[in-house]
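Given next are the chains, with one letter for each unit.
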Amino acid sequence: MATNTSPSQGILSPERASEREQVVEMLKKAYFMELETVVSYITNSTNPDGVRAQEIIESLKGDVQEELGHAQEFASRIKELYGVVPGSLEFTPEQSYLQPPEQQTDIVHVIKGVIQAETGAIEHYNKIIEFTEEIDPVTNDMVIAILRDEEGHRRLFEGFLREYEVEGLA
């Protein structure tokens, strides 16, 4: 005899409203982290001077579109979870370490700032992954994919930093 039960609605079910709100808040933070990174990467891919800066400039220019895509993914997921994507008045900048250096040839400052930004994203995204593991597989999968990108960015810039360290420039 068939029963009239429907599959679980998961994170979208009314019973999960509190957890869903927590996920939305975590995603809002991630959204703003990505947008701030876009601003910082545009700044730091425009201001640096010098021959040695060119590799960093090109890398950051390429990362801008990827980081913007991450922000768009977070925004879409916020909406899917019945949240409201926040506007600019809710934004509070936090990336003091990615502000332009006093000397535009100080590429090590930029490299270290990128590593710090990527590390912050990695830490926050791991929190989201841990929180959503049992309750929201869609958000979990999305953030795992984004985490991979952030880990790749950090690893690349750690390599840049090592080169400067070997040469005694960092």
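Calculation notes
Residues numbered from 1 in each chain as written. Predicted model: local features only at pLDDT ≥ 70, side-chain atom pairs only at ≥ 80, totals over all residues. Heavy atoms only, no water. Helix = DSSP H or I, 4+ residues; strand = E, 2+ residues; numbered from the N terminus. Expected span 1.5 Å × (residues − 1). Bend = angle between axes of the 7 residues up to and from the residue. Core = buried A, V, L, I, M, F, W, Y, C linked by side-chain atoms within 4.5 Å. Buried < 20%, exposed > 50% of the residue type's maximum accessible area, 1.4 Å probe, protein only. Contact = heavy atoms within 4.5 Å. Salt bridge = Lys/Arg side-chain N within 4 Å of Asp/Glu carboxyl O. Phe/Tyr/Trp six-rings, centres within 6.5 Å; stacked < 30°, edge-to-face > 60°. Axes fitted to C-alpha atoms, helices over the stretch in contact; angles between N-to-C directions. Parallel < 35°, antiparallel > 145°, perpendicular 65-115°, else oblique. Left-handed = near helix turned anticlockwise from the far one by under 90°. Nonpolar A, V, L, I, M, F, W, Y, C, P; charged D, E, K, R; others polar. pLDDT = per-residue confidence, 0-100.

Draft legend 1. Structural view of helix α2 (residues 53-80). Its 28 residues place the ends of α2 41 Å apart at the C-alpha level, agreeing with the 40 Å of an ideal helix rising 1.5 Å per residue. The principal kink in α2, of about 25 degrees, is found at Val64. With its phi angle positive at about 70 degrees, Tyr82 sits one or two positions after the end of α2.

Draft legend 2. Here's a closer look at the nonpolar core. Counting 24 residues, the largest nonpolar core has Leu27, Tyr31, Phe74, Tyr125, Ile128 and Val143 as the members making the most contacts within it. If you list the elements that add at least two residues to this core, you get α1 (17-44), α2, α3 (107-132) and α4 (137-166). At eight residues, the largest contribution of residues to this core is made by α1. Those residues in contact with Val143 that sit more than four places away from it in its chain are Leu27, Phe74, Tyr125, Ile128 and Ile129.

Draft legend 3. Summary view of the pattern of salt bridges. This structure, assessed with the given rule, holds seven salt bridges. The residue Glu163 makes a salt bridge to Arg52 at a minimum N-O spacing of 3.5 Å. With Glu163 in helix α4 and Arg52 in the loop between α1 and α2, this residue pair connects regions lying 111 residues apart in the sequence. Where Asp136 meets Arg77, a salt bridge forms, and the shortest distance between an N and an O atom there is 2.8 Å. Separated by 59 residues along the polypeptide, Asp136 in the loop between α3 and α4 and Arg77 in helix α2 bring together distant segments of the chain. When sorted by exposure, Asp136 lands in the same class as Arg77, which is buried. Several salt bridges share partner residues, and in doing so they unite Arg52, Glu163 and Glu167 into one network.

Draft legend 4. View of α4. Here α4 is 30 residues long and its end C-alpha atoms lie 43 Å apart, about the 44 Å a rise of 1.5 Å per residue gives. For α4, every residue scored as buried is listed here: Thr139, Asn140, Met142, Val143, Ile146, Leu147, Glu150, His153, Phe157, Phe160, Leu161 and Tyr164. The elements touched by buried residues of α4 are α1, α2 and α3. Just downstream of α4 lies Gly168, where phi reads positive at about 75 degrees.

Draft legend 5. Focus on the packing of aromatic side chains. Counting across every chain of the model gives four aromatic pairs. Measuring from centroid to centroid gives 5.0 Å for Phe157 and Phe160, while their planes differ by 85 degrees, and the two rings are edge-to-face. Note that Phe157 and Phe160 are positioned in helix α4 at a spacing of three residues, about one turn of the helix. Judged on exposure class, the residue Phe157 and its partner Phe160 are both buried. Chaining the aromatic ring pairs together yields one cluster made of Tyr31, Phe32 and Phe91.

Draft legend 6. Up close: the packing of α1 against α4. The geometry of α1 relative to α4 is characterised by a closest axis approach of 13 Å and an angle of 25 degrees between their N-to-C directions. As the angle between them shows, α1 and α4 are arranged roughly parallel. In this structure, the crossing between α1 and α4 has a hand that is left-handed. Along the contact surface, α1 presents Val23, Leu27 and Glu34, while α4 presents Thr139, Met142, Val143, Ile146 and Glu150. Class assignment of the residues belonging to the contact of α1 with α4 gives a composition of five nonpolar, one polar and two charged.

Draft legend 7. Highlighting the confidence of the model for the protein. Taken as a whole, the protein shows an average pLDDT of 94; of its residues, 96% reach a score of 70 or greater. Per-residue pLDDT stays below 50 along residues 1-6; that stretch engages in zero contacts with residues further than four places along the chain or on separate chains.

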